[in-house]
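Here is how the chains run, residue by residue.
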Amino acid sequence: MEPLVEAANEAEMLTALDAGARVIGVNNRNLHTFEVDMTTTARCAALVPRESGVLLLALSGVASRADVTAFADAGAVGVLVGESLMRAPSPAGLVRELLALPAQPTLCKVCGVRDAASAAAAAAAGADLIGLILAPSKRQVSVAQAAEIVQAVREARPRPTGWAVGRFPSRAAPESCGDEPRETRQWLEGWSALLRRAVAEAGPLIVGVFVDASVQDMNAAAEAAGLDLIQLHGQSEGWDVASELCRPVVRVVHMEPHMRADQVCGQVRGGPPAAVLLDSKGGGTGVIFDWAIGAEVQQRTPFILAGGLTPDNVAAAVRQVRPWCVDVSSGVETEGQKDHDKIRAYIRNAKDA
């Protein structure tokens, strides 16, 4: 193991080199005045002999991809980022920017599935989540029917024995989004990353959708049917009930007409629910809400986008709003039945956007 030796100026750099240090971190911050001089790394790098094998890291002051490339041009092989991540509205977004990573493809949820054939078609087309309605609806399925659909999906897409969606430690909901918007975003970003990994390991995930059901009924249905997630689509459940459920929870925010972004964020909580879904009021109506509002909310906190999406408009929705997941039900139906061609087109268009 090689120790990381820190140098803050040219004199300290020469001392580290004379001592035989192989990994040297150049701190661009003066720890006496706390001022940052971004040229410190380049000045110290110029003292490293060619072909010496010394690995140089740039410490402090890294806030953008341009900073990373400038340090790389100066000879650094890595950077240490701390304060910028702590201050970033989206730490995950900043990491992706610093590494110049491409945007992750949007996940796709197909909801209101009522039969095994449609579930299998959605899974084969690349659906990441499949929603089953366990509440009064024209798309409602019984717990027994849900179990049959889950079994069919698992036979088509086997998963490791004993696998289950990972969970973060329980977190109480803050009293208001405005009190800690950064913590809310970090919680939901962390969960979206965890669910992405779950999809990659053992997808598609099966989501049971409930409306104002009791905790006992939802937990019993989740266990009996083998659900991966529970979605709360009612008006009375609140947010804290998620901590009483046996599966990670997706909480729906119903988009009333003329709602502003700050009003939406005023309802969003970073915990205990794992994810937030914005849907047109009522759900399953085929009606979109104002995507400009959705795009503004997305800048503050990640969510699943639903409401009026179709194979024809989903690409535009993804490009404008940039949700981490899109949810469809009536938009992939023909005469009230799931249309497998529309499901395939929807998923293809969403992931290609």
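Look up a bit, the structure's there.
The paragraphs below set out a description of the structure included in this document. The structure presented is a predicted model; accordingly, all values stated were derived computationally and were not measured. (Residues numbered from 1 in each chain as written. Predicted model: local features only at pLDDT ≥ 70, side-chain atom pairs only at ≥ 80, totals over all residues. Heavy atoms only, no water.)

## Looking at the overall build of the chain
The condition is simple: Secondary structure elements are taken from DSSP: a helix is a run of H or I of four residues or more, a strand is a run of E of two residues or more, and numbering for both begins at the N terminus. Contacts are assigned to residue pairs that have any heavy atoms within 4.5 Å of one another. Note on areas: these come from Shrake-Rupley sampling with a 1.4 Å probe, and a residue is covered only by the protein chains present in the view. The charge count includes Lys and Arg as positive and Asp and Glu as negative, but it does not include His or the ends of the chains. A charged residue contributes its charge at one atom only: NZ of Lys, CZ of Arg, CG of Asp or CD of Glu.
Within the chain one finds 13 helices and 14 strands. The dimensions of the chain, computed from C-alpha atoms along their principal axes, are 75 × 40 × 40 Å. Excluding contacts between residues fewer than 6 apart, the proportion of contacts in the chain whose partners are at least 24 apart in sequence is 60%. Summed over its atoms, the accessible surface of the chain is roughly 16500 Å², and 53% of this surface lies on carbon and sulfur atoms. For the chain, the distance from the average position of its 33 positive side-chain charges to the average position of its 41 negative side-chain charges is 4 Å.

## Observations concerning the nonpolar core
In plain terms, the rule: For the purposes of this section, nonpolar cores are sets of buried Ala, Val, Leu, Ile, Met, Phe, Trp, Tyr and Cys residues that join through side-chain atoms within 4.5 Å. Any residue under 20% of the maximum accessible area for its type is buried, any over 50% is exposed, and the rest in between are partly exposed; the area is computed with a 1.4 Å probe on protein chains only.
Judged by nonpolar contacts, the single largest core of 80 residues is most densely connected at Val-110, Ile-130, Leu-132, Leu-205, Leu-278, Leu-305 and Val-326. Element by element, the count of residues in this core is highest for helix α8 (residues 181-202), at eight residues. With residues near it in sequence (within four places) discarded, Leu-132 still touches Val-113, Val-141, Ala-146, Ile-149, Val-150, Ile-206, Val-207, Gly-208, Val-209 and Leu-227. The next biggest cluster of nonpolar side chains, apart from the first, holds twelve residues, and it includes Ala-16, Leu-17, Ile-24 and Cys-44.

## A closer look at the environment of Arg-43
Here is the rule we go by: Pairing of N or O atoms within 3.5 Å defines a polar contact, subject to two protein rules: one partner must be a possible hydrogen donor and the other a possible acceptor, and residues neighboring in sequence count only if both atoms are side-chain atoms.
Note on placement: Arg-43 falls in helix α2 (residues 40-45). Exposure remark for Arg-43: the relative accessible area of 33% places this residue in the partly exposed category. Separated by eleven residues in the primary sequence, Arg-43 and Val-54 place their C-alpha atoms 15 Å from one another. Setting aside anything within four residues of it in sequence, one finds Arg-43 in contact with Glu-10 and Asp-37. Polar contacts involving the side chain of Arg-43 include one to the side chain of Asp-37, which spans 3.2 Å.

## Thoughts on the sheet that holds strand β2 (residues 23-27)
Paired through their backbone hydrogen bonds, the strands of a sheet run either parallel or antiparallel. We count it as follows: Note on pairing: DSSP must find at least two bridges between two strands before they are called paired. Here an axis means a line fitted to C-alpha atoms, over the contact stretch when the element is a helix, while the angle between two N-to-C directions is reported on a 0 to 180 degree scale.
With respect to topology, four strands assemble into an open sheet ordered β1-β2-β3-β4, the strand pairing being parallel. Where the open sheet ends on each side, the last strands, each with one partner, are β1 (4-7) and β4 (78-80). Strand-to-strand, the axes of this sheet are offset by a mean angle of 30°, without reference to chain direction. Where β2 meets strand β3 (residues 55-59), five bridges bridge the pair, whose relative direction is parallel. Paired with Ile-24 across the strands is Leu-56, a residue of β3.

## Some points on the packing of aromatic side chains
For clarity, the cut-off: Ring geometry is summarised as follows: Phe, Tyr and Trp rings, the Trp one being its six-membered ring, pair when their centres sit within 6.5 Å, and such pairs are stacked at plane angles under 30 degrees, edge-to-face over 60 and tilted between the two. Geometrically, a lysine NZ or arginine CZ counts as sitting over a ring once it is within 6 Å of the ring centre and also within 35 degrees of the ring normal.
If you walk through the whole model with that rule in mind, you get two aromatic pairs. Centroid distance Phe-168 to Trp-187: 6.2 Å. Interplanar angle 50°. Geometry classified as tilted. One end of the pair, Phe-168, is in the loop between α7 (143-156) and α8; the other, Trp-187, is in helix α8, with 19 residues separating them in the sequence. Since its relative accessible area comes to 36%, Phe-168 is described here as partly exposed. The exposure class assigned to Trp-187 is buried, which follows from its relative accessible area of 12%. Centroid distance Phe-168 to Trp-191: 5.4 Å. Interplanar angle 85°. Geometry classified as edge-to-face. Placement of the pair is Phe-168 in the loop between α7 and α8 and Trp-191 in helix α8, with a sequence separation of 23 residues. A relative accessible area of 2% places Trp-191 in the buried class. Members of the aromatic cluster, each reached through a chain of ring pairs, are Phe-168, Trp-187 and Trp-191. Here the guanidinium or amino end of Arg-251 rests over the ring plane of Trp-239, the centre of that ring lying 5.8 Å away.

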